[in-house]
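Coordinate analysis (summary)
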Amino acid sequence: MFDRSSDYALNKKEPEAIVCKSATGVHIRLTRNDFSSEAEFEKWKHWSDEDYHAAEKADHRHDNRKLSLEGLAELSFAVLSAETEIMDQYDRQDRARLCRLLAEGLEACLTVSQRRRLWLYCVEGLTVKEIAAQEKVKHQNVSKRILAAKKILRKFLERWVQNWG
């Protein structure tokens, strides 16, 4: 969930100042007047926006992987019957087999480059411009290739559901 009082939000909300915490933990505002030149302020404002954004993304990735402890105590006392365990094992084996087939199909329909760019974009959360800078290509090229890969995946998954779903 987005925290409106986070350092990132406070800094982004004020384009004419850099909002940061002092050594005592109190938020302070550094304005253009606190810098020797306009260029110096712009350089540090850009840096602070990027730094806070990266920290915010990292916090979200961390928070999304946390396990809630609510109801965990009740689950720890649940005991499955032998029949249920056997059926679950067959279900897991069936799911694993389908996952292998799906992975092989995805590997066959997308190039290495398409898979890498989709991973960076969808899983790692990089922007198209960040991927383009990393690969030293134009961002339009990355954008077009990601869009094409999504279309290929959509068609593949539609066929997959018809055959296996």
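Residues numbered from 1 in each chain as written. Predicted model: local features only at pLDDT ≥ 70, side-chain atom pairs only at ≥ 80, totals over all residues. Heavy atoms only, no water.

Here we look at the overall build of the protein
When its secondary structure is counted, the protein shows 7 helices and 2 strands. Going residue by residue from the N terminus, the α and β elements of the protein occur as α-β-β-α-α-α-α-α-α. Counting over 165 residues, the protein shows a buried share of 20%. Sequence-distant contacts in the protein: of pairs separated by 6 or more residues, those separated by 24 or more amount to 48%. Accessible area of the protein: about 12,800 Å², with a carbon and sulfur share of 57%. (Helix = DSSP H or I, 4+ residues; strand = E, 2+ residues; numbered from the N terminus. Buried < 20%, exposed > 50% of the residue type's maximum accessible area, 1.4 Å probe, protein only. Contact = heavy atoms within 4.5 Å. Areas by Shrake-Rupley, 256 points an atom, 1.4 Å probe, with all protein chains shown as cover.)

Some remarks on a positive patch on the surface
A surface patch of positive charge is lined by K150, K151, R154, K155 and R159. Take K151: it is sitting in helix α7 (residues 139–164). (Patch = residues over 30% accessible without salt bridge, like charges linked within 9 Å, V, L, I, M, F, W, Y side chains within 5 Å. Salt bridge = Lys/Arg side-chain N within 4 Å of Asp/Glu carboxyl O. Lys, Arg positive; Asp, Glu negative; His and termini not counted. Charge placed at Lys NZ, Arg CZ, Asp CG, Glu CD.)

What to know about the nonpolar core
If you look at the biggest cluster of nonpolar residues, it comprises 11 residues: L110, L118, L120, L126, V128, I131, A132, V142, I146, A149 and L153. At the level of secondary structure, the elements contributing two or more residues to this core comprise α5 (112–123), α6 (128–135) and α7. The element best represented in this core is α7, accounting for 4 residues. Residues contacting L153, with those up to four places away along its chain left out, are L106, L110 and L118. (Core = buried A, V, L, I, M, F, W, Y, C linked by side-chain atoms within 4.5 Å.)

What about the environment of V128?
Along the chain, the position of V128 falls in helix α6. Considering only alpha carbons, one finds V128 and K144, 16 residues apart in sequence, at a separation of 9.9 Å. Filtering out sequence-adjacent residues up to four positions away, V128 remains in contact with Y121, H139, V142, S143 and I146.

Quick look at the packing of α5 against α6
At a minimum axis separation of 9 Å, α5 and α6 run at an interaxial angle of 135°. As the angle between them shows, α5 and α6 are arranged oblique. Seen from above, α5 lies across α6 with right-handed handedness. Here R116, R117, L120 and Y121 of α5 lie close against α6, whose contacting residues are V128, I131, Q134 and E135. Counted by class, the contact of α5 with α6 contains 4 nonpolar, 1 polar and 3 charged residues. (Axes fitted to C-alpha atoms, helices over the stretch in contact; angles between N-to-C directions. Parallel < 35°, antiparallel > 145°, perpendicular 65-115°, else oblique. Left-handed = near helix turned anticlockwise from the far one by under 90°. Nonpolar A, V, L, I, M, F, W, Y, C, P; charged D, E, K, R; others polar.)

Some remarks on the pattern of salt bridges
Oppositely charged side chains are able to pair whenever their charged atoms sit close together. Summed over the entire model, instances satisfying the criterion amount to 7 salt bridges. Residue R117 is joined to E135 by a salt bridge in which the shortest nitrogen-to-oxygen separation is 2.6 Å. Here R117 is found in helix α5, whereas its partner E135 is found in helix α6, with 18 residues between them in sequence. Neither residue differs from the other here; R117 and E135 are each classed as buried. Beyond isolated ion pairs, a larger network of salt bridges with shared partners links E16, R32, E38 and E42.

Remarks on the confidence of the model for the protein
Low-pLDDT stretches of the model should not have their predicted coordinates read in fine detail. On average, residues of the protein carry a pLDDT of 79, and 82% of them reach 70 or more. Ranking the helices and strands of the protein by mean pLDDT puts α6 first, with 93, and helix α3 (residues 72–76) last, with 60. (pLDDT = per-residue confidence, 0-100.)

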